[in-house]
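# Remarks on the overall topology
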Amino acid sequence: MQYRFSRRVYAVFAVACVLAGSGLVLLRYVPFFDAPQLTAMVSGFGALGPLVVMILMALAIVVSPIPSGPIALAAGALYGPMNGTLIVIAGALSGALVAFALARHLGRPAIAGSSNRFLVYLLRPHSPRILMAIIFASRLVPFISFDAVSYAAGLTSIGIMRFALATTLGIVPVSFGLAYLGNSMELLSGGRLAAVLALACLVTIVPFAIGWIWQRAHRR
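The following refers to the structure shown. Quick caveat: nothing in here was measured; it's all calculated off a predicted structure.

## Things to note about the packing of helix H4 (residues 69-110) against helix H8 (residues 160-183)
The angle between the axes and the distance between the axes are what describe a pair of packed helices. Interhelical geometry of H4 versus H8 gives an angle of 155° and a closest axis separation of 8 Å. Considering their axes alone, H4 and H8 lie roughly antiparallel with respect to each other. As H4 packs across H8, the resulting crossing turns out to be right-handed. For the contact of H4 with H8, the residue count by class is 22 nonpolar, 10 polar and no charged.

## A few points about the packing of aromatic side chains
In this structure the tally under the stated criterion is 2 aromatic pairs. Taken together, a centroid distance of 4.6 Å and an interplanar angle of 25° make the contact between phenylalanine 100 and phenylalanine 163 stacked. Residue phenylalanine 100 is found in helix H4, and its partner phenylalanine 163 is found in helix H8; the two are separated by 63 residues along the sequence. Note that arginine 139 overlies the ring of phenylalanine 146, its terminal NZ or CZ placed 3.8 Å from the centroid.

## What to know about a nonpolar patch on the surface
On the surface, Phe136, Leu140, Val141, Phe143, Ile144, Leu165 and Leu169 cluster together into a nonpolar patch covering about 590 Å² of accessible area. Those elements that provide at least two residues to the nonpolar patch are helix H6 (128-140) and H8.

## Comments concerning the nonpolar core
Buried together is how nonpolar side chains tend to be arranged in soluble globular proteins. In this structure, Ile71, Ile158 and Phe163 are the most contacted members of the largest nonpolar core, which totals 30 residues. If you list the elements that add at least two residues to this core, you get helix H2 (35-43), helix H3 (49-62), H4, H6, helix H7 (146-155) and H8. Element by element, the count of residues in this core is highest for H4, at 10 residues. Counting 5 residues, the second-largest nonpolar core is a separate cluster that includes Ala103, Leu122, Leu123 and Leu155.

Cut-offs applied
- Residues numbered from 1 in each chain as written.
- Predicted model: local features only at pLDDT ≥ 70, side-chain atom pairs only at ≥ 80, totals over all residues.
- Heavy atoms only, no water.
- Axes fitted to C-alpha atoms, helices over the stretch in contact; angles between N-to-C directions.
- Helix = DSSP H or I, 4+ residues; strand = E, 2+ residues; numbered from the N terminus.
- Parallel < 35°, antiparallel > 145°, perpendicular 65-115°, else oblique.
- Left-handed = near helix turned anticlockwise from the far one by under 90°.
- Nonpolar A, V, L, I, M, F, W, Y, C, P; charged D, E, K, R; others polar.
- Phe/Tyr/Trp six-rings, centres within 6.5 Å; stacked < 30°, edge-to-face > 60°.
- Lys NZ or Arg CZ within 6 Å of the ring centre and 35° of its normal.
- Patch = residues over 30% accessible without salt bridge, like charges linked within 9 Å, V, L, I, M, F, W, Y side chains within 5 Å.
- Areas by Shrake-Rupley, 256 points an atom, 1.4 Å probe, with all protein chains shown as cover.
- Salt bridge = Lys/Arg side-chain N within 4 Å of Asp/Glu carboxyl O.
- Core = buried A, V, L, I, M, F, W, Y, C linked by side-chain atoms within 4.5 Å.
- Buried < 20%, exposed > 50% of the residue type's maximum accessible area, 1.4 Å probe, protein only.

Given below as structure tokens:
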């Protein structure tokens, strides 16, 4: 049993290293923080552009430091508010399911013997309806980390279909808002455009920063 537990821990550590390394490489070569430049890059893929946007959006969910806001803006700028929304939803849901699966199949077994109160609480059986309501509500609030909720949900007892449904319904408003805003970027200029892009990045980065600070504070 001890061997199995250790093997799971090593697997989680290996996956975390791969994701962190991939994130650093992507942040180095992909202009995630510059929506106009990101839009120009994606447009160069032609008919494969929507697939590229979905992949980038999924990676932004699985790898926390990557901001998803500018990707959604680029989707709206390139494909319009409606098609852009569908592309953003498909990418975000794909990333959420990957994060959920990683937490469910690697994280949950690895922490099964943990004495941490928060982890013990997550592992306990809870009402599926309550969990769906929490996930749905969290998706409506931009400043709640999409990534963290996806990983945390995988540690709970909720089924993947309920998780997918709650996530899909919850991300529609924000996805449409960002895609619509991206489609209207040509109407913005100068400081207003910079402010919008800064806000989009802030919405996706602040939750990660808060989580990192919170973890550092509670380790002391």
